[in-house]
Amino acid sequence: MTQTATDYPGQGAISVRGLVMRFGEVEVLKNIDLEINKGEVVCIIGPSGSGKTTLLRCVNLLETPTAGDIVVNGFNVTDSECDIDGMRRSIGMVFQQFNLFPHLNVLQNLTIAQTKVLKRSKMDAEKTARHNLERVGMAHKESAYAPQLSGGQQQRIAIARSLSMNPALMLFDEPTSALDPELVGEVLAVMKSLAKEGMTMMVVTHEMAFAREVADRVVFMDGGYVVEEGSAEQVIGNPQHQRTKSFMFRVLNPTMVEEGDEFPTSAVGGSSGAENLAIALDTNFNRGQGS
């Protein structure tokens, strides 16, 4: 029997328990636990390769977890009987790349999924599309095509496209990483407005100022672990874990490199600093779990 949202009632928008993700022999996510409440904005930060995007993709089942449970809007997405299409209809996802159809104009990009998936009439779909284009400040571009738009404009349209499906929550995977610095602000402004409207948002980002201003909670990941989480003021402004402190120092002071640390390597066996860090994280977390 197909599992529906009513089989897993609850107030949380996203619940992740004991999540493990492996690609072959490489363990990318290691026993992740995370709760995101309705109306909450949670920013996931950390170095490249820490597992942030993989975690986000697991939530929408774009990657199939190796172990653990994920409940999204009442759907246990790791249940083989889950109505995956029904679950995905309740989620909007914005990727690093804009993924607009180049042969369709802006309005058509926003209406095609509404008519095909939600079975809305063309009139209702266009009304919804225009409303959301207005929300992101792009109403004047409804007849334009993707190649005629800047990266920032395309990303705002991608957000409007997701909103046109009336999602209960939004997932953002580094939505400004492919943009020129001058265009980042216009996309972040749209995301700030969504947060003020009460949209539940899970955001993978390197934009620390945005996270500090908008996030209800910040989660710092490294080596496949959730290393530290808390308020933005705590994690970004006053981190407690040494690895978080090191990361934030590098992010906030990108030109300050201590002497001898330009190319970190180990004195033992020529291992890289990253390898040593992974070993240290594994050792510390395993010790903390009593294994």
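Details of the structure are given in the entry above.
*Asks:* Explain the nonpolar core to me, and be specific about the residues and the numbers.
*Replies:* Of all hydrophobic cores here, the largest spans 48 residues; its most connected members are Ile159, Phe172, Met191, Met201 and Val218. In terms of residues, this core owes the most to one element, helix α6 (residues 181-196), which gives eight residues. With near-sequence residues (within four places) excluded, phenylalanine 172 lies in contact with Leu56, Val94, Ile159, Met191, Leu194, Met201, Met202, Val203 and Val204. Listed in part, the 32 residues of the second largest apolar core include Ile14, Leu19, Ile91 and Met221.

*Asks:* How would you explain the sheet that holds strand β4 (residues 67-72) if you had to name every residue and give the values?
*Replies:* Taking strand neighbours across the sheet as the criterion, the four strands line up as β2-β1-β4-β5 in an open arrangement whose pairing is antiparallel. A strand with exactly one partner marks an edge of an open sheet, and here the two such strands are β2 (26-37) and β5 (75-76). Here two bridges tie β4 to β5, and the two strands are oriented antiparallel to one another. Within the sheet, the bridge partner assigned to valine 71 lies in β5 and is asparagine 76.

*Asks:* Requested: an account of helix α3 (residues 106-116), with residues and values cited.
*Replies:* Taken as a whole, α3 has its buried residues at Val106, Leu107, Asn109, Leu110, Thr111 and Gln114. Contacts from the buried residues of α3 go to α4 (122-135) and α5 (151-163).

*Asks:* I'd like a description of the sheet that holds strand β6 (residues 91-94), backed by residues and values.
*Replies:* Read from one edge of the open sheet, six strands run β6-β7-β8-β3-β9-β10, paired in mixed fashion. Of all strands in the sheet, those with a lone pairing partner are β6 and β10 (225-230), marking the two edges. The mean inter-strand angle of the sheet, taken between neighbouring strand axes irrespective of direction, is 15°. Packed onto the sheet, α5 meets β6 and β7 (169-173) and runs at close to 170° relative to β6. Each of β3 (41-45), β9 (217-222) and β10 is contacted by helix α9 (residues 242-252), which is oriented at about 100° to β9, the strand it contacts most.

Here is what the cut-offs are and how they apply
Residues numbered from 1 in each chain as written. Predicted model: local features only at pLDDT ≥ 70, side-chain atom pairs only at ≥ 80, totals over all residues. Heavy atoms only, no water. Core = buried A, V, L, I, M, F, W, Y, C linked by side-chain atoms within 4.5 Å. Buried < 20%, exposed > 50% of the residue type's maximum accessible area, 1.4 Å probe, protein only. Helix = DSSP H or I, 4+ residues; strand = E, 2+ residues; numbered from the N terminus. Contact = heavy atoms within 4.5 Å. Pairing = 2+ DSSP bridges. Axes fitted to C-alpha atoms, helices over the stretch in contact; angles between N-to-C directions.

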